[in-house]
Amino acid sequence: MKDYVAEAAGLTNRAVNLLWELGVPHDDAVRLAPTVLTVARTLEERDALDRIVENLL
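As the structure is a prediction and not an experimental result, all values here were calculated from the model.

Some remarks on the overall build of the protein chain
So, step 1. Broken down by element type, the protein chain carries two helices and zero strands.
So, step 2. Since a compact globule built from 57 residues should have a radius of gyration of about 10 Å, the 15 Å found for the protein chain marks it as more spread out than a globular shape.
So, step 3. Buried positions account for 9% of the 57 residues belonging to the protein chain.
So, step 4. Total accessible area on the protein chain stands at roughly 5100 Å², and carbon and sulfur atoms take up 61% of it.
So, step 5. Charged side chains in the protein chain number 6 positive and 10 negative. The centres of these two groups are separated by 4 Å.

Concerning the nonpolar core
So, step 1. Ala15, Val16, Leu19, Ala29 and Ala33 together form the largest nonpolar core, which totals five residues.
So, step 2. If you list the elements that add at least two residues to this core, you get α1 (2-21) and α2 (26-56).
So, step 3. Per-element tally for this core: the top contributor is α1, with three residues.
So, step 4. Residues in contact with Ala15, not counting those within four places in the same chain, are Ala33, Val36 and Leu37.

Details of a negative patch on the surface
So, step 1. Together, Glu44, Asp47, Asp50 and Glu54 make up a negatively charged patch on the protein surface.
So, step 2. Tracing the backbone through its elements, the reader meets Asp47 in helix α2.

Structural notes on the environment of Val53
So, step 1. Of note, Val53 is situated in helix α2.
So, step 2. Taking the C-alpha atoms as reference points, Val53 and Asn13, 40 residues apart in sequence, are found 33 Å from one another.

Concerning α1
Each full turn of the α-helix corresponds to 3.6 residues, which orients residues three or four apart in the same direction.
So, step 1. Over its 20 residues, α1 extends 28 Å from the first C-alpha to the last, a length consistent with the 28 Å expected when each residue adds 1.5 Å.
So, step 2. Structurally, α1 contributes buried residues whose contacts are with α2.
So, step 3. Positive backbone phi, approximately 100°, marks Gly23, located one or two places after α1.

Criteria and cut-off values
Residues numbered from 1 in each chain as written. Predicted model: local features only at pLDDT ≥ 70, side-chain atom pairs only at ≥ 80, totals over all residues. Heavy atoms only, no water. Helix = DSSP H or I, 4+ residues; strand = E, 2+ residues; numbered from the N terminus. Rg over C-alpha atoms; globule rule 2.2 N^0.38 Å. Buried < 20%, exposed > 50% of the residue type's maximum accessible area, 1.4 Å probe, protein only. Areas by Shrake-Rupley, 256 points an atom, 1.4 Å probe, with all protein chains shown as cover. Lys, Arg positive; Asp, Glu negative; His and termini not counted. Charge placed at Lys NZ, Arg CZ, Asp CG, Glu CD. Core = buried A, V, L, I, M, F, W, Y, C linked by side-chain atoms within 4.5 Å. Contact = heavy atoms within 4.5 Å. Patch = residues over 30% accessible without salt bridge, like charges linked within 9 Å, V, L, I, M, F, W, Y side chains within 5 Å. Salt bridge = Lys/Arg side-chain N within 4 Å of Asp/Glu carboxyl O. Expected span 1.5 Å × (residues − 1).

Have a look at this one:
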């Protein structure tokens, strides 16, 4: 369980840092980080699903 928590914290920190480097104020970056991670995960899943469908065709 600790590994998952550490990984989630690391990903969230990376998202906050990325947003901050893009000029988003830190407080806003902290609030937006979970949304950024959700979008990234959704895009990853969509890409993975596209690859599976392509392989089936």
